[in-house]
Amino acid sequence: MAPKPSSGKERLINEEEEVLQAVVLADSFNKRFKPLTTQKPRCLLPVCNAPLLDWTFESLALAGVQEIFVICRSHAELVKAAIKNSKWSKPSTGLKIVPIVTAKQTFSPGDAMRDIYTHGIITSDFVLVTGDLVSNVRIDEVIRAHKERRKHNKDAIMTMVVKESGARHRTRSRGDASVYVLDPETSECLHYEAVTGYPPKAHASIPREILDEHPEVEVRNDLIDCSIDVCSVEVPSLFQDNFDYGDIRRDFVHGVLTSDLLMKNIYCYIEKDGYAARVKDTRSYDSISKDILSRWTFPLVPDDNHPGGHSYEHLRGNKYIAKDNTVVLSRECQLGNNIMIGSNSQILGNAHILSSVLGQNCVIGPGTTIRNSYLFDGAVVGANCVINYSIVGAGAKILDGSHVENGCLITDGVVIGPQARLGPYQRLSTKRQHKPPSGDDSDNEDSDEDSEWDEVEANQPSDLLIKLGAESNALVWPADTVDEDEEVDELENPINQRLMRIGRLPFLELPQQSILHFPGGDDVSDLELSDLGSVTDSESESEFSSSENDDHLEINAASSTTSLPLSSTTNLVDKADSAAISEFHHEAIQSLERAFSEGHSVDNASVELKTLRMASNVPLRLVREAVIGFIVDRIKVVPGGGPEQRKEIATMVGRWGGLVDRIGGVDAVETVEILQSHCASSERLPLFGQILAAFYQDDIVEEDDIREWYSQRASRGDDVDAGLKENFKKCWTVGAHMIKQFDEQESEESDGDEDEEDEED
Amino acid sequence: MNFEVAPTESVTRREFLAVILAGFGNELLPLTGDHGDEPCPKALLSVADKPMLDFPLSWLEQSGIEDVLLICPSSHKHAISHYVQSSSASFTSLNIDIQTYDESQEMSTGTCSILRHFSSRIQEDFVIMPCDFIPPPSLPLSTILNKFRTDAMSDGSIATTCWFENSKLDKGAFPEEWGPPPTPTTIVWDDTSGTLLYVDTLDDQDRNGQDFELRMSLLTRYPRARLSKKLQDSHVYVCKRSVLDVLQQKRHLDSLKEDFFPWLCKVQYQATKRGKYGHTLGVVSNSASHSMSMKHSTLYTDVPKARAFLDVRSHASSPAPQSEIGLSQPPSPTGSDDDESITVSLRIGLHVHRADSGYAVRTNNLQAYLEANRRFLSETSYVLPSDPTKRSLIDHKAAISADSAVGDFTRVEERASIKKSVIGKHCVIGKMAKIVGCVLLDHCVISDGARLEGCLLGGNTKVGTKSELKGCVTQAGYEVEEHANYRNEKLDVSDWNEGHQRSEDSEEEGEDDGDEEDDD
């Protein structure tokens, strides 16, 4: 429909004053829909047979927005083309949509906001939404409230729209929820606490100081974040000033509320009647589709104002059948409630369709059951198939007799079957059409993508064909793709992600007695979240201790049906770790090289190393290894040895040895160990004794440290490879000499000491 | 239907027993300090013109509760029982059973252990109340009792309590030397169901002085909780009998207010505690007839589930029951919360009394005590007594403002001025004495020309001529010398013998104590 400018004279006056602008972040900045999003961006995925972006535009038009900036990143051309071809670009709409392509380096909504700032497109208060919004909220009301507030309080920079629901509303994500602390009178947001489903959050921490100014507040866990924000002009500049703000909620809102310097206020607008939700994961995709079918989004419903421009007939039981009489329904087919069937689709034989959405040109074979699933345009399902709680991409073919269970995502064009058996939470895509020619047109992101593809291809299970069927062209995506070099966000934790996936939710026993009916028909699952903590025997103190795990959620993810074996997760973590380590090593060497060649002071070098260590989160030992290794390698080997060599060592150690103890911790025994292992594996083995002596001279190691190192079993090289064993042993003997010298220097009384140590070993 | 199973004696059985705890009132020192060998029980300090204890007793009387167990220190028993039996306290409908416990003022026994000690005397649901809660007329006890009755019946609530909003005290209204005003307690409650969820204790503050740590299980169950430090505990707790059984198990807890109830709040949403104490607490008192009627109700279908749940809870390790659900989605996205009301919630009901609906106070510290007296003055207006004998005691030239109260048989001398003050009985106000914003307990003697402002004087205090006191509190029997000048001090008698020696010649002291309460 053409957006009607909101009625009323006031509105018109406002229009003259300033145009209502909206910014749509048409990128999700996460990979929750992978692999569905390999070929098109999430905002173009159809929800109830209309692209998500169109739902968003429709929602904004309904709210009287006149100018929309669409920030696109991945698949930007597709988004641009979609905007160009949509009805919104027709002159009659009165809606100006400007796509803005941001750099591929935009990794977070915060980056996008900084981009907006640099573009300088924002002239007044604006509406910030994501490109996956479905809403019928009167945003103009929110804007009015926001502007009214701004008149009295210039520091009220943002109004977040939240929807009142219940703690367990189906559209409220369990993996990514939040607790708001609000002032009951003004709805000022005083504290924002993000809640992840896993690791389960036991406590919400609410700062005590809030009560100093607001003696009575409301703690709300029943709000759905609609991610509609009415922002003032300064919001993008705040992002610009605080370069570390990534997420709008977790970083920006939290940062503003906790900052002692900013003194800005954020308010909530509690929407009671309207509907607004984000398709932020496949689970919310499911629930929002259901909400649309159940007409919670009225007036945005399939039979009226369908954003895709289709027309549907609304039948009893919330069945929507395309109106153009092209849908073929066989006599025997059975249609349940809450379904939607696009035009030219055919339901053959005695197929059952229950609570599902079928796109246009779909074909469902006889005897097939489709339950709680979403088939995009042109999906073809053969005879006697079962599809449960899954999403099937456009043009995908599921051949006869296949079973697609619980939570599968099948990308456009995939063919599986016949007789394919897909376990729960499988994700399939087609194979890559072409190996991208390396180096020419593939830009940054593509190569990023490629590595992911490579990984996927490398990890194909061996029994693939048995499971996918003989005619399949599919690639199975591994259980979860936590990108190795990306730091693993808590939110994107694979187990947490499972709470956001389409499929039957695990049965959750609530901390209370209630036996809960999940609207999604959840009964059992592999992921068991339960709160039955152990009963402590020693009641007296533990009753008060917060460690009592009475309401912790136990995750039992290792049960048989899981698609997420924990071992794979740990592997991934290991891999991620090793990547981090090697990167750190590289960086540390570079930093040291700079320090040596440019003659930095030890202080400066140590600060740099400390920063590096924090950034890569590596253990202290690694830093020590890097430093010692570097110092040792820098020592010139003087062919003749003797005093020349000793001088060389003394200068080097004198100049840089201090760094060893300045990297954030002192552990001289470890220093000797590292020195030993480093010398043992390099050609500077003969220098070990001299370097150690130089360390001793410079007080980097003490006599006791050498003794302790000497007494350690590992120092003798028993545990190392045969090749190095000899070298280790040599070092150890050098140590023995040294200790002998110490002993001689001091007195003769400790003779037996050494023997004793030997015996111990 | 078989209704015979309903216990027949329940008709005659009393519903509640009221337990009034009358302590020493250490926060009110030196007002509650001993007067020689005679104690000055806190319960008998007067607020406006009647002893504090009068308020809870008449509150009880209005609510229809008849049986009262009054627990006081043994040293106070004489005075209190004298008061209770005296004609001035006309609580004819109450059966007051005074019991004592032994403790000294220095080492007070916790309220929990007192209650444990007397638990054998409490055989039914009970109401614990302090002797110092002064409820407003807008808050009858029956409001709280009714909430308890409904909650306990409908969802197995185990206790109901009442918190009231603190009236704002002006800063600087009271001298700092009286000690800091009590720090407000922060609580979390659910407004819609009236459920107390969390009481911030000192332990919690020690553990995390920065943040309140609210359990997510609490917030999931009560997603719209309120957090406030505006409220104060009235110490009125209506409890099921079973609460006592749990109290017996939790032997290390000391104070009802600071330990036990904060702990009890957690039972409702912490699974371990539920599993452990749920059985003790969750016995539905009138289960037979109630569940019977519920079974036959058409609106109320899921009784077996609630039962089954308790069973599941009892073997905490048994697998979670699986719910059978149809395949199609219910069309409404509202959360399904209808199951919760039928299970035994074990929750603690909370009645919140707001400041704008009437002034409530606990006179358990000096500030509150003085404030309460002042409040009552602003509501009454003083008229000279009509009785000629009493009238004759008050000099014609004395100036007594309308917002004052002067007790019977008090003599006010020529040109004395009394403003915004409460004067007890049998006092003597000397010539030219000036009293502003004070509370004088009985038998005080203010000599000529003394000036008092914002003072609390214990019984039998004597103020010498032309002394000036401002913001002072005196122990009973204290004697302020002539021309003395005190500011913001707590004056207590260090050595009684000395005091006695001196007082011998001025007034007949021993007799005063004896007839303290039986004037009318």
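Every chain is numbered independently, its residues counted from 1 as its sequence is written. Here every chain gets a letter starting at A, and every ligand a number starting at 1, in the order they are written. It should be noted that, the model being predicted, local features are given only for residues of pLDDT at least 70 and side-chain atom pairs only at 80 or more, the latter also being counted only at that level, while totals for whole chains, interfaces and linings use all residues. The basis for every side-chain value is the complete set of heavy atoms in the structure, and neither hydrogens nor water enter the calculation.

**Concerning the overall build of chain B**
Across its full length, chain B carries 15 helices and 32 strands. Contacts in chain B between residues at least 24 apart in sequence constitute 60% of all its contacts with a sequence separation of at least 6. Only carbon and sulfur atoms are counted for the fraction: they give 48% of the accessible area of chain B, which is about 22800 Å². Secondary structure elements follow DSSP: runs of H or I no shorter than four residues count as helices, runs of E no shorter than two count as strands, and numbering proceeds from the N terminus. Pairs of residues are marked as contacts when any of their non-hydrogen atoms sit within 4.5 Å. Shrake-Rupley sampling with a 1.4 Å probe provides the accessible areas, and residues are treated as covered by the protein chains on show and by no other component.

**Points about the overall build of chain A**
Of regular secondary structure, chain A possesses 22 helices and 38 strands. For every residue, the accessible area obtained with a 1.4 Å probe (protein chains only) is divided by the maximum for its type, and the residue is called buried under 20%, exposed over 50%, and partly exposed between those limits. Buried residues in chain A amount to 57% of all 761 residues. Excluding contacts between residues fewer than 6 apart, the proportion of contacts in chain A whose partners are at least 24 apart in sequence is 60%.

**With respect to the sheet that holds strand 35 (residues 427-430) of chain A**
All names here are of chain A. Only when DSSP finds a minimum of two bridges between them are two strands counted as paired. Taken in spatial order, the 9 strands of this open sheet run 16-17-20-23-26-29-32-35-36, and their pairing is mixed. Edge positions in the open sheet fall to strand 16 (312-315) and strand 36 (474-477), since each of these has one partner strand only. Pairing geometry for strand 20 (residues 339-341) and strand 23 (residues 357-358), over 2 bridges, is parallel. By the bridge assignment for strand 23, Met340 is matched with Val357.

**Topic: the pairing of strand 14 (residues 265-271) of chain A**
Residues and elements named next belong to chain A. In terms of burial, strand 14 is a largely internal element, 7 of the 7 residues being buried. Neither face of strand 14 is exposed, since Asn265, Tyr267, Tyr269 and Glu271 on one face and Ile266, Cys268 and Ile270 on the opposite face are all buried. The pairing of strand 8 (residues 156-164) with strand 14 spans 7 bridges and is parallel. In the sheet register, Met160 faces strand 14, and the bridge partner there is Cys268. Judged from the 2 bridges that link them, strand 10 (residues 188-196) and strand 14 form a sheet pairing that is antiparallel. Within the sheet, the bridge partner assigned to Glu188 lies in strand 14 and is Tyr267.

**Remarks on helix 2 (residues 52-62) of chain A**
Among the 11 residues that make up helix 2 of chain A, 11 are buried, leaving the element largely enclosed by the rest of the structure. Of the residues trailing helix 2 of chain A, A:Gly64 is marked for its positive phi of about 85 degrees.

**Topic: the sheet that holds strand 16 (residues 399-400) of chain B**
Across a sheet, strands are paired by hydrogen bonds formed along the backbone, either parallel or antiparallel in direction. All names here are of chain B. Strand order in the open sheet formed by 6 strands is 16-19-22-25-28-31, with parallel pairing between adjacent strands. The open sheet is flanked by strand 16 and strand 31 (485-487), the only strands paired with a single partner. One ladder, built from 3 bridges, connects strand 25 (residues 451-453) with strand 28 (residues 468-470); its direction is parallel. Counterpart to Glu453 in the pairing with strand 28 is Lys470.

**Points about the packing of helix 4 (residues 109-119) of chain A against helix 7 (residues 234-241) of chain A**
Residues and elements named next belong to chain A. Fitted lines through C-alpha atoms give the axes, limited to the stretch in contact for helices. The angle between two N-to-C directions lies from 0 to 180 degrees. Between helix 4 and helix 7, whose axes approach to 8 Å, the crossing angle comes to 115 degrees. The two elements helix 4 and helix 7 meet at a crossing, and its hand is left-handed. Contacts between helix 4 and helix 7 pair Gly110, Met113, Arg114, Ile116 and Tyr117 from the former with Val235, Pro236, Ser237, Phe239 and Gln240 from the latter. Along the lines of polarity and charge, the residues of the contact of helix 4 with helix 7 split into 6 nonpolar, 3 polar and 1 charged. Less than a right angle of anticlockwise turn of the near helix away from the far helix marks a crossing as left-handed, whereas a clockwise turn marks it as right-handed. Residues are sorted three ways: Asp, Glu, Lys and Arg are charged, Ala, Val, Leu, Ile, Met, Phe, Trp, Tyr, Cys and Pro are nonpolar, and all the rest, Gly among them, are polar.

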